[in-house]
Amino acid sequence: MSTYIHSVSLDASKCTGCTTCMKHCPTEAIRIKDNCACIDAQRCIDCAQCIRHCPNHAKKSNYSSLSEIQKYKYKIALPAPALMAQFENLDSVDIVLQGLLDVGFDDVFEVARGAEIVSAYTRSYLATPGIKKPVLSTACPVIARLVMLRFPFLKDNLIPLLPPIEIAADLAVKEAKEKHPELRDEDICTCFISPCPAKVSYIKNGFGSYKSKITLAVSMSEVYMHLLHVMKHDVPAEVSARAGRVGLSWAMCGGEASALLNDKIIAADGIDNVISVLDQIEDGNISNVDFVELNACPGGCVGGVMALENPFIAKNRLHTIRRYMPVTQENIKQFEGAIPDSGFTENLPDYKPLNKLSDNIAESMRLMNKIQLMCKELPGIDCGSCGAPNCRAFAEDVVRGLADRNDCIIAYRDYIKDYINNYPGSRKNDG
Amino acid sequence: MSEELKFTYNVDGEDFNSAGQASVSVKKNLRQLGIDPEIIRKVSIAMYEGEINMVIHAHGGTADVFVDDEKIGIVLSDKGPGIADISKAMQEGYSTATDTVRALGFGAGMGLPNMKRYTDYMNIESQIGEGTTITMHVKYQ
């Protein structure tokens, strides 16, 4: 796990140590040390909550620059469906696709197409006897990582399928080689236009033992700036969209689930809601549900931190674009067998419990007793001044030897008072 | 023998929204101890069912969770009406829950049977008008 490459980082010069990001981190991965927010890489799930909430814009997403595609001979853009929601008055997806060609790509393959193929497969997968239900989507990489760190019992509920970006990349490369048989693997660059750092991390790290075949991930906001200069309404596009409503709807929460034509579905968005749904599933408290779509970002992918538009406005735009679109461009039934063999995965990442105290249970128990005792002595106001998100997390840090008890300003104040009161010569009991 | 660890939770009566909070917190603690996920799930299901029972039938109570070097013990005690016929209450599908509670999706008569199913030991002590104490053990090694 130490080799896991994250895509959330900090610009230390902008960080004021204000505790906002630390308070919003769902896995308590952030501590403030020397007025600077540090991320514990083992606990980080790349959900981007810290980026979303940082008032100083000190937290950043890492991604490749669009200029990096120039190193390759044949550049394929893989636009996330959320990209289509970023433009005002857009009447056709084709305009965006043409724009991508105009900014330097040689070919475009909509991730929405990959999504439609995944939807078709999921429909048939849900009918497979003996599978563990509810089936959980693996499209949002945050969820897959969260399940491995915190909900290992739900590991077998994950659909054994790589996310739509991977399916799209695989098919895009195949198509490119058919069109241009002279192309070698190293000539081709598949470039995902990402709404979030979690997908960037997925591309860098893969999934379990699977290494992603996508070459680069660039930020949706960077590509947006380039597209704005080239997109034209009055010139007919040379390319046309091959995905329909189903694929486009994956950009928002509920899109993936509603494509299944099954009413036993749950779709949740926002990391806290996601965690509470997973807790309930784990407790056996959700019955009669076949499929659960979970999105770490509020609103789904349109709420990604690398998307520009407010997710609610973005959703409204998607509804407008969808209105004149066919459900799918091809019969979705055709897609059922369309998943390349490499699109399936059985090698999930290993369970690595968040925050385990020790490898020895007896030792863990001893430490937890100390933590509990210490929690009783701490003020319990979760102020964050010590640099930990709450008193309990601070007690854990102290017991693990990562923090000093006197980092708690309230406990320290009491210690000073006590010291003064008991100082030889001081008058006791004078308040 | 290592020291025993204890967690205590108050379960609010008549508050379905907070029912389940104790089991979520127990899960977090057991994960930190490094207990096997399968065991944690058993404990959390048994605990969740017990919490719901205390909310539905007994206006709340307390949940104590013990961890020693071989098992996790859960003691749920309430000062509710008591269980009139324990063997009937243990039957799947038998419930004395009110229509209001059933309308909320509870009261399927699976609470006690599930608690039994997911634990290695279960004992019910109940006095009419006095309350009920349920002790459950889940062995982890």
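Please read all numbers here as calculations on a predicted model, not as lab measurements.

S.K.: Before we go on, may I ask you to explain the overall build of chain A in this structure?
M.R.: From N to C terminus, chain A includes 15 helices and 11 strands. For chain A, the C-alpha radius of gyration of 25 Å lies close to 22 Å, the compact-globule estimate for 431 residues. With respect to the principal axes defined by its C-alpha atoms, chain A has extents near 90 × 50 × 40 Å. For chain A, with 431 residues in total, the buried portion stands at 55%. Of the contacts made within chain A by residues no fewer than 6 positions apart, 78% connect residues no fewer than 24 positions apart. When the accessible surface of chain A is split by element, carbon and sulfur atoms take 50% of a total near 19,000 Å².

S.K.: Hey, could you run me through the interface of chain B and chain A in this one?
M.R.: Much of the literature gives interface size as the accessible area that the parts lose upon coming together. Taken together, the contact pairs 26 residues of chain B with 27 residues of chain A. Roughly 2,400 Å² of surface becomes buried between chain B and chain A when both sides are summed, with 53% attributable to carbon and sulfur atoms. It is Arg-31, Gln-32 and Leu-33 of chain B in chain B that bury the most area against chain A; as a group they hold 30% of the surface buried on that side. Here chain B and chain A share 3 salt bridges between them.

S.K.: Sorry if this is basic, but what is going on with unusual backbone geometry here?
M.R.: Glycine aside, residues mostly have negative phi angles, and peptide bonds mostly take the trans form. A cis amide bond links Lys-133 of chain A to the next residue, Pro-134 of chain A, at an omega of -5°. Mapped onto the secondary structure, Pro-134 of chain A falls in the loop between helix H4 (111–126) and strand E7 (135–136). In this structure, Leu-261 of chain A takes a positive phi of about 50° despite not being glycine. Looking at where Leu-261 of chain A falls in the secondary structure, it is placed in the loop between helix H10 (255–258) and strand E10 (265–269). Phi is positive for His-59 of chain B, which is not a glycine, with a value near 55°.

S.K.: Sorry if this is basic, but what is going on with the pairing of strand E5 (residues 131–139) of chain B here?
M.R.: For a regular strand, side chains alternate in direction, first toward one face of the sheet and then toward the other. All names here are of chain B. In the sheet, strand E3 (residues 71–78) pairs with E5 via 8 bridges, with the strands oriented antiparallel. Bridged to Lys-71 within E5 is Lys-139. Where strand E4 (residues 121–127) lies against E5, 7 bridges are found, and the strand directions are antiparallel. By the bridge assignment for E5, Met-122 is matched with Met-136. Joining the antiparallel neighbours E4 and E5 is a turn of 3 residues, in which Gly-129 adopts a positive phi near 80°.

S.K.: Before we go on, may I ask you to explain the packing of helix H1 (residues 21–33) of chain B against helix H2 (residues 37–58) of chain B in this structure?
M.R.: Residue and element names in this part refer to chain B. Relative to each other, H1 and H2 sit at 160°, their axes nearing to 8 Å. Relative to H2, H1 is oriented roughly antiparallel. H2 is crossed by H1, and the crossing has right-handed handedness. Across the interface between the two elements, Gln-21, Ala-22, Ser-23, Val-26, Lys-27, Leu-30 and Arg-31 from H1 touch Ile-40, Val-43, Ser-44, Met-47, Tyr-48 and Glu-51 from H2. Of the residues that constitute the contact of H1 with H2, the class distribution is 7 nonpolar, 3 polar and 3 charged.

S.K.: Just to check I follow, could you spell out the domain arrangement of chain A for this structure?
M.R.: All names here are of chain A. Split by domain assignment, chain A resolves into domain 1 (8–61), domain 2 (66–128 + 160–253 + 302–343) and domain 3 (361–421). Inter-centroid distance (C-alpha atoms) of domain 1 to domain 2 is 29 Å. The interface of domain 1 with domain 2 comprises 6 residues on the first partner and 7 residues on the second. For the pair domain 1 and domain 2, the summed buried area comes to about 470 Å², and 63% of that belongs to carbon and sulfur atoms. Broken down residue by residue, the surface that domain 1 buries against domain 2 is led by Asp-46, Arg-52 and Ser-61, which jointly contribute 75%. The tally of links from domain 1 across to domain 2 stands at 0 salt bridges. Run the count over domain 1 and domain 2 and you get 2 residue pairs in polar contact (both at pLDDT 80 or more). Classifying every residue of the side of domain 1 that touches domain 2 by side-chain character gives 3 nonpolar, 1 polar and 2 charged.

S.K.: I'm lost on the nonpolar core in this one. Help?
M.R.: Side chains of a nonpolar character, in soluble globular proteins, are inclined to be buried together. Membership of the largest hydrophobic core comes to 110 residues, with the highest contact counts inside it found for Leu-78, Leu-100, Leu-136, Val-147, Leu-227, Leu-278 and Leu-294 of chain A. Not counting residues within four places of it along the chain, the set of residues in contact with Leu-100 of chain A comprises Ala-77, Pro-79, Leu-83, Phe-105, Val-108, Ile-193, Val-223 and Leu-227 of chain A. Cys-391 of chain A together with Val-55, Ile-56 and Tyr-140 of chain B belong to the second-largest nonpolar core, a separate cluster that totals 56 residues.

S.K.: Got a minute to help me understand the packing of helix H13 (residues 361–377) of chain A against H1 of chain B in this structure?
M.R.: In a pair of packed helices, the angle between the axes and the distance between the axes together describe the arrangement. Following both chains from N to C, one finds H13 of chain A and H1 of chain B inclined at 130°, their axes separated by 8 Å at the closest point. When the axis of H13 of chain A is compared with that of H1 of chain B, the two are oblique. Here Ile-361, Ser-364, Met-365 and Met-368 of chain A of H13 of chain A come into contact with H1 of chain B, specifically with Asn-29, Gln-32 and Leu-33 of chain B.

S.K.: Sorry, what's going on with the side chain of Arg-41 of chain B here?
M.R.: Inspection of the secondary structure puts Arg-41 of chain B in helix H2. Glu-38 of chain B provides the closest opposite charge to the buried, unpaired Arg-41 of chain B, separated from it by 5.0 Å. Excluding anything up to four places from it in sequence, Arg-41 of chain B contacts Phe-153, Ile-281, Glu-282 and Gly-284 of chain A together with Tyr-118 of chain B.

Rules and cut-offs
- Residues numbered from 1 in each chain as written.
- Chains lettered and ligands numbered in written order.
- Predicted model: local features only at pLDDT ≥ 70, side-chain atom pairs only at ≥ 80, totals over all residues.
- Heavy atoms only, no water.
- Helix = DSSP H or I, 4+ residues; strand = E, 2+ residues; numbered from the N terminus.
- Rg over C-alpha atoms; globule rule 2.2 N^0.38 Å.
- Buried < 20%, exposed > 50% of the residue type's maximum accessible area, 1.4 Å probe, protein only.
- Contact = heavy atoms within 4.5 Å.
- Areas by Shrake-Rupley, 256 points an atom, 1.4 Å probe, with all protein chains shown as cover.
- Buried area = accessible area lost by both parts, 1.4 Å probe.
- Salt bridge = Lys/Arg side-chain N within 4 Å of Asp/Glu carboxyl O.
- Pairing = 2+ DSSP bridges.
- Axes fitted to C-alpha atoms, helices over the stretch in contact; angles between N-to-C directions.
- Parallel < 35°, antiparallel > 145°, perpendicular 65-115°, else oblique.
- Left-handed = near helix turned anticlockwise from the far one by under 90°.
- Nonpolar A, V, L, I, M, F, W, Y, C, P; charged D, E, K, R; others polar.
- Domains from an automatic or database assignment.
- Polar contact = N/O pair within 3.5 Å; in protein donor to acceptor, adjacent residues only side chain to side chain.
- Core = buried A, V, L, I, M, F, W, Y, C linked by side-chain atoms within 4.5 Å.
- Lys, Arg positive; Asp, Glu negative; His and termini not counted.

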